[in-house]
Amino acid sequence: MKHLALATLAAATLFTALPAAAQFQKPEDAIKYRRSALFVMGQHFGRIGAMAQGKVPFDAAAAAANADVVASMAKLPWAGFGPGTDSGDTNALPEVWLETEKFKGGQQKMQEELAKLATAAKSGNLDQLKAAFGDAGKTCKGCHEHFKKK
Ligand code: ASC
């Protein structure tokens with residue numbers, strides 16, 4: 001029993017310590033994964049943007065649902081930027097792997113703003129939604145300008 005517990009602990013420690021890249025079978029999978037996650041985020045973020053910009057009528061429930069999807073999905077792409085995933089079908093610049101602290105900071109800031117967006121969406125107040133959408137969009141753009149090919 002003690003051995004089983006130790007083995008379980010060892011396995012748990014091992015998996016926790018595994019580098020992100022090891023979660024993928026090959027680098028192409030990691031690149032596809034992060035691009036897919038970011039694509040889904042963009043789709044749902046865009047649906048909120050359409051409301052914020054008055055292109056479609058404001059629907060608070062839909063805005064909140066979309067904001068929750070974006071906020072949840074925003075946790076995912078980063079595991080796909082592991083070592084060895086800097087070349088191939090990607091628009092990521094080398095800075096992603098050279099300025100890791102800055103990249104991580106951008107991810108954190110974005111997640112904070114997306115959490116605020118989800119809260120604003122739930123308030124049902126269009127002005128709050130617009131403001132939070134603008135702030136969240138700036139975090140997307142800020143990183144893209146520094147870390148993504150034009
Ligand atoms: C999106 C999307 C982006 C960001 C950015 C915000 O919906 O695909 O890359 O928002 O345009 O400034």
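Keep in mind that what you see is a predicted model, and the values were worked out from it rather than measured.

Examining the pattern of salt bridges
Working step 1: Scanning the model with the defined rule gives seven salt bridges in all.
Working step 2: One salt bridge in this structure joins Arg 35 and Asp 89, with 3.1 Å as the shortest N-O distance. One end of the pair, Arg 35, is in helix α2 (residues 27-52); the other, Asp 89, is in the loop between α3 (60-73) and α4 (95-98), and 54 residues separate them in sequence.
Working step 3: We classify Asp 89 as exposed; its relative accessible area is 59%.
Working step 4: Salt-bridge contacts for Asp 135 lead to Lys 138; the nearest nitrogen and oxygen are separated by 3.8 Å. One end of the pair, Asp 135, and the other, Lys 138, are both in helix α6 (residues 126-147), three residues apart, so they sit about a helical turn from each other.
Working step 5: Classification of Asp 135 as partly exposed rests on a relative accessible area of 35%.
Working step 6: Note on Lys 138: relative accessible area 60%, which makes it exposed.
Working step 7: Where salt bridges share partners, they join Lys 109, Glu 113 and Lys 116 into one cluster.

Digging into the side chain of Thr 139
Working step 1: Note that Thr 139 resides in helix α6.
Working step 2: Looking at Thr 139, the relative accessible area reads 12%, which means it is buried.

Re the site of the ligand
Working step 1: Close contacts around the ligand come from Gly 42, Phe 45, Gly 137, Cys 140, Lys 141 and His 144, and that covers them all.
Working step 2: The separation between an oxygen atom of the ligand and a polar main-chain atom of Gly 137 is 3.1 Å.
Working step 3: Between the ligand and His 144 there is a distance of 3.4 Å, counted from an oxygen atom to a side-chain nitrogen or oxygen.
Working step 4: About the coverage of the ligand: the protein hides 57% of its 310 Å² of free accessible area.
Working step 5: Within the residue set of the shell around the ligand, elements represented by two or more residues are α2 and α6.

Brief notes about the side chain of Arg 34
Working step 1: Relative to the helices and strands, Arg 34 is located in helix α2.
Working step 2: Among buried charged residues, Arg 34 stands out as having no salt bridge; its nearest opposite-charge side chain is Asp 86, 7.5 Å away.
Working step 3: Only 2.7 Å separates the side chain of Arg 34 from the backbone oxygen of Gly 80, close enough to count as a polar contact.
Working step 4: Only 2.9 Å separates the side chain of Arg 34 from the side chain of Thr 85, close enough to count as a polar contact.
Working step 5: Residues contacting Arg 34, with those up to four places away along its chain left out, are Pro 77, Gly 80, Phe 81, Thr 85, Thr 90, Ala 92 and Trp 97.

So, how was this worked out
- Residues numbered from 1 in each chain as written.
- Predicted model: local features only at pLDDT ≥ 70, side-chain atom pairs only at ≥ 80, totals over all residues.
- Heavy atoms only, no water.
- Salt bridge = Lys/Arg side-chain N within 4 Å of Asp/Glu carboxyl O.
- Helix = DSSP H or I, 4+ residues; strand = E, 2+ residues; numbered from the N terminus.
- Buried < 20%, exposed > 50% of the residue type's maximum accessible area, 1.4 Å probe, protein only.
- Near = heavy atom within 4 Å.
- Polar contact = N/O pair within 3.5 Å; in protein donor to acceptor, adjacent residues only side chain to side chain.
- Areas by Shrake-Rupley, 256 points an atom, 1.4 Å probe, with all protein chains shown as cover.
- Lys, Arg positive; Asp, Glu negative; His and termini not counted.
- Contact = heavy atoms within 4.5 Å.

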